[in-house]
Amino acid sequence: MQVAIWILMLLLIGLWSLAAWGLAALLGMDAGWVDRVQAWLVDWPAGDWLDPWVPGWMMAVQASLDMLQSVLAWLGGAAPILVWGLWGLGLLMLVGLGALLSLIVVL
């Protein structure tokens, strides 16, 4: 049972590390892709259909995309510190969970 617990923990740690790597890659990207999304939304064919149902949706989406672009630009500089800290916290939690499960099996 102990071996199964720690194999599962190693698998979860590997997946957690992969997720952290993906987050670091995503945050390290240039935030210019948000401008392309805004241009695509202007030409979106369903926009005319959506206007009567949700008035002002285009302004809300553009404001949200502008905010997203500024947040991504800020996170791009702080990404290494944030990702390492988040990864370390998750790693400690997974190792603690593995230790707790091992203790439960032993007792």
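Residues numbered from 1 in each chain as written. Predicted model: local features only at pLDDT ≥ 70, side-chain atom pairs only at ≥ 80, totals over all residues. Heavy atoms only, no water.

Attention now moves to the overall build of the protein. Of the regular secondary structure elements, the protein holds four helices and zero strands. Reading the secondary structure of the protein in the N-to-C direction produces α-α-α-α. The C-alpha atoms of the protein give a radius of gyration of 21 Å, which is well past the 13 Å a tight globule of 107 residues would have. Taken along the three principal axes of its C-alpha coordinates, the protein extends 65 × 35 × 15 Å. Across the 107 residues of the protein, 22% fall into the buried class. Entry remark: accessible area of the protein is about 7700 Å², with carbon and sulfur atoms responsible for 80%. (Helix = DSSP H or I, 4+ residues; strand = E, 2+ residues; numbered from the N terminus. Rg over C-alpha atoms; globule rule 2.2 N^0.38 Å. Buried < 20%, exposed > 50% of the residue type's maximum accessible area, 1.4 Å probe, protein only. Areas by Shrake-Rupley, 256 points an atom, 1.4 Å probe, with all protein chains shown as cover.)

What follows deals with the nonpolar core. Nonpolar side chains in soluble globular proteins tend to be buried together. The biggest cluster of nonpolar side chains holds twelve residues, and these are A20, L27, A31, V34, L41, L50, W57, L65, L72, L75, A79 and V83. Mapped onto this core, the elements with two or more residues apiece are α1 (2-27), α2 (33-42) and α4 (57-106). For this core, the element with the highest residue contribution is α4, accounting for six residues. Not counting residues within four places of it along the chain, the set of residues in contact with A20 comprises V83 and W87. (Core = buried A, V, L, I, M, F, W, Y, C linked by side-chain atoms within 4.5 Å. Contact = heavy atoms within 4.5 Å.)

Let's shift gears to the side chain of S102. Here S102 lies in helix α4. In this structure S102 comes out as buried when scored by relative accessible area, which is 10%. Each residue touching S102, except ones within four places of it in the same chain, is listed here: Q2, I5 and W6.

Right, let's get into the packing of α1 against α4. Packing of α1 against α4 brings their axes to within 9 Å, and their N-to-C directions diverge by 175 degrees. Looking at the two axes, α1 sits roughly antiparallel to α4. (Axes fitted to C-alpha atoms, helices over the stretch in contact; angles between N-to-C directions. Parallel < 35°, antiparallel > 145°, perpendicular 65-115°, else oblique.)

Between its terminal C-alpha atoms α1 stretches 37 Å, which fits the 38 Å expected from 26 residues at 1.5 Å a residue. Within the sequence span of α1, burial applies to I5, M9, I13, A20 and L27. For α1, the elements touching its buried residues are α4. (Expected span 1.5 Å × (residues − 1).)

Right, let's talk about the packing of aromatic side chains for a bit. Evaluation of the coordinates by the stated rule reveals one aromatic pair. Between W84 and W87 the ring centres are 5.6 Å apart and the planes differ by 85 degrees, which places this aromatic pair in the edge-to-face class. A residue pair is termed a helical-turn pair when its members lie 3 or 4 positions apart in one helix, as W84 and W87 do in helix α4 at three residues. Judged by relative accessible area, which is 61%, W84 ranks as exposed. Given a relative accessible area of 23%, W87 falls into the partly exposed group. (Phe/Tyr/Trp six-rings, centres within 6.5 Å; stacked < 30°, edge-to-face > 60°.)

A separate point is the confidence of the model for the protein. The predicted coordinates should not be examined in detail at positions where pLDDT is low. With 100% of its residues at a pLDDT of 70 or more, the protein has an overall mean of 87. Model confidence for the protein, summarised as mean pLDDT per element, is weakest for helix α3 (residues 47-50) at 75 and strongest for α1 at 93. (pLDDT = per-residue confidence, 0-100.)

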